[in-house]
Amino acid sequence: ENPEAFPAYVFSPSASTEAAWLRGGPVFEAMAEMGFRVQVLEQQDAVEVTIHRPWTFLFMHVPSADWAPVMESLADRPCSVIMDCHFPIMNMGDATGSDESLIATIDNKDTLLANLALAEVVTVPHPDWAADLAEVNQNVFLLPDLEETGHGVQLFMSRIAAAANMSGQVKQARWRARGEMGL
């Protein structure tokens, strides 16, 4: 088969090794082994994302830096952004982790929420987080942690595919709206 006929995926995992695994690391590894075009971005300041046709899905943890300029640069590209929020941003009292990471999240909460609002789709591991984040982005998708799916990689992969499909639909609707506005 021709890999160029299929969408490509960019995976930008959390800096936390555990979160990177729970939120899809093995799935993206399996996809690459199956022949899909998968780019894994390491945590660094400057990254170059390769956008492939027919479509590229960028699945990433929610960034703590302002992503408005990046999202604007991707506005007319054949890609959609799925931001993963694997912590209870709307209720940090329930969050776990090091004091340093919790304080950084609290200090950057406004930027994190602004970034989540920009994404085509937001994924979360818990239903109650989805309800909370729907106030910020109406396109919230429940994506259980990899170990909680009970069926491992296959079920997680199908949920990623559904979230990706939804993100493409949202992006195309945004294109139509921009066109109607003359942008």
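Note that the structure is predicted; figures quoted are calculated from it, not measured.

Q: What's the story with the sheet that holds strand E3 (residues 56–61) in this structure? I'm lost.
A: Pairing between sheet strands relies on hydrogen bonds along the backbone, with the strands arranged either parallel or antiparallel. Strand order in the open sheet formed by six strands is E2-E1-E3-E4-E5-E6, and the pairing between neighbours is parallel. At either margin of the open sheet sits one strand with a lone partner, and together these are strand E2 (38–40) and strand E6 (140–142). Taken over all neighbouring pairs, the strand axes of this sheet differ in orientation by 20° on average, direction set aside. Judged from the five bridges that link them, strand E1 (residues 8–12) and E3 form a sheet pairing that is parallel. Paired with Ser12 across the strands is Met60, a residue of E3. Each of E3, strand E4 (79–84), strand E5 (121–124) and E6 touches helix H7 (residues 153–180); the most contacted strand, E4, lies at about 125° to it.

Q: Got a minute to help me understand helix H2 (residues 25–33) in this structure?
A: It helps to recall that an α-helix has 3.6 residues per turn; residues three or four apart then point in one direction. Looking at H2, one finds that the buried residues are Gly25, Pro26, Val27, Phe28, Ala30 and Met31. Considering only its buried residues, H2 is in contact with E1, helix H1 (17–22), E2, E3 and H7. Within two residues after H2, Gly35 carries a phi angle of roughly 105°, on the positive side.

Q: Can you help me understand H7 in this one?
A: Spanning 28 residues, H7 covers 40 Å between terminal C-alpha atoms, matching the ideal 40 Å at 1.5 Å per step. Its buried side turned inward, H7 meets H1, H2, E3, E4, E5 and E6. One or two steps after H7, the chain reaches Gly182, where phi turns positive at roughly 80°.

Q: Sorry if this is basic, but what is going on with the pairing of E4 here?
A: Two faces belong to every sheet, and in a regular strand the side chains alternate between them. Counting buried positions along E4 yields six of six residues, so the element is predominantly enclosed. Of the two faces of E4, both are covered, the one formed by Cys79, Val81 and Met83 as well as the one formed by Ser80, Ile82 and Asp84. In this structure, E3 lies alongside E4, joined through six bridges in parallel fashion. Looking at the pairing, Phe59 lines up with Ile82 of E4. For the handedness criterion, the β-α-β arrangement of E3, helix H3 (residues 68–73) and E4 is classed as right-handed.

Q: How should I be thinking about the packing of H2 against H7 in this particular structure?
A: Their axes nearest at 10 Å, the elements H2 and H7 cross at an angle of 85°. Comparing the axis directions of H2 and H7 gives the class roughly perpendicular. In this structure, H2 uses Val27, Phe28, Ala30 and Met31 to contact H7, whose residues at the interface are Val153, Phe156, Met157 and Ile160. Here the residues of the contact of H2 with H7 sort into eight nonpolar, no polar and no charged.

Q: Please clarify how the nonpolar core should be interpreted in this entry.
A: One finds Met83, Ile89, Leu116, Val124 and Leu133 to be the most contacted residues of the largest nonpolar core, which totals 25 residues. Sorting the residues of this core by element identifies E3, E4, helix H5 (109–118), E5 and helix H6 (127–133) as the ones contributing at least two each. Not counting residues within four places of it along the chain, the set of residues in contact with Val124 comprises Arg23, Asp84, Cys85, Trp129, Ala130, Leu133, Val140, Phe141, Leu142, Leu143 and Pro144. Core analysis: the next-biggest nonpolar cluster, separate from the first, contains 18 residues, Phe28, Met31, Trp55 and Phe141 among them.

The rules behind these values
- Residues numbered from 1 in each chain as written.
- Predicted model: local features only at pLDDT ≥ 70, side-chain atom pairs only at ≥ 80, totals over all residues.
- Heavy atoms only, no water.
- Pairing = 2+ DSSP bridges.
- Helix = DSSP H or I, 4+ residues; strand = E, 2+ residues; numbered from the N terminus.
- Axes fitted to C-alpha atoms, helices over the stretch in contact; angles between N-to-C directions.
- Contact = heavy atoms within 4.5 Å.
- Buried < 20%, exposed > 50% of the residue type's maximum accessible area, 1.4 Å probe, protein only.
- Expected span 1.5 Å × (residues − 1).
- Right-handed = clockwise from strand over helix to strand, strands pointing away.
- Parallel < 35°, antiparallel > 145°, perpendicular 65-115°, else oblique.
- Nonpolar A, V, L, I, M, F, W, Y, C, P; charged D, E, K, R; others polar.
- Core = buried A, V, L, I, M, F, W, Y, C linked by side-chain atoms within 4.5 Å.

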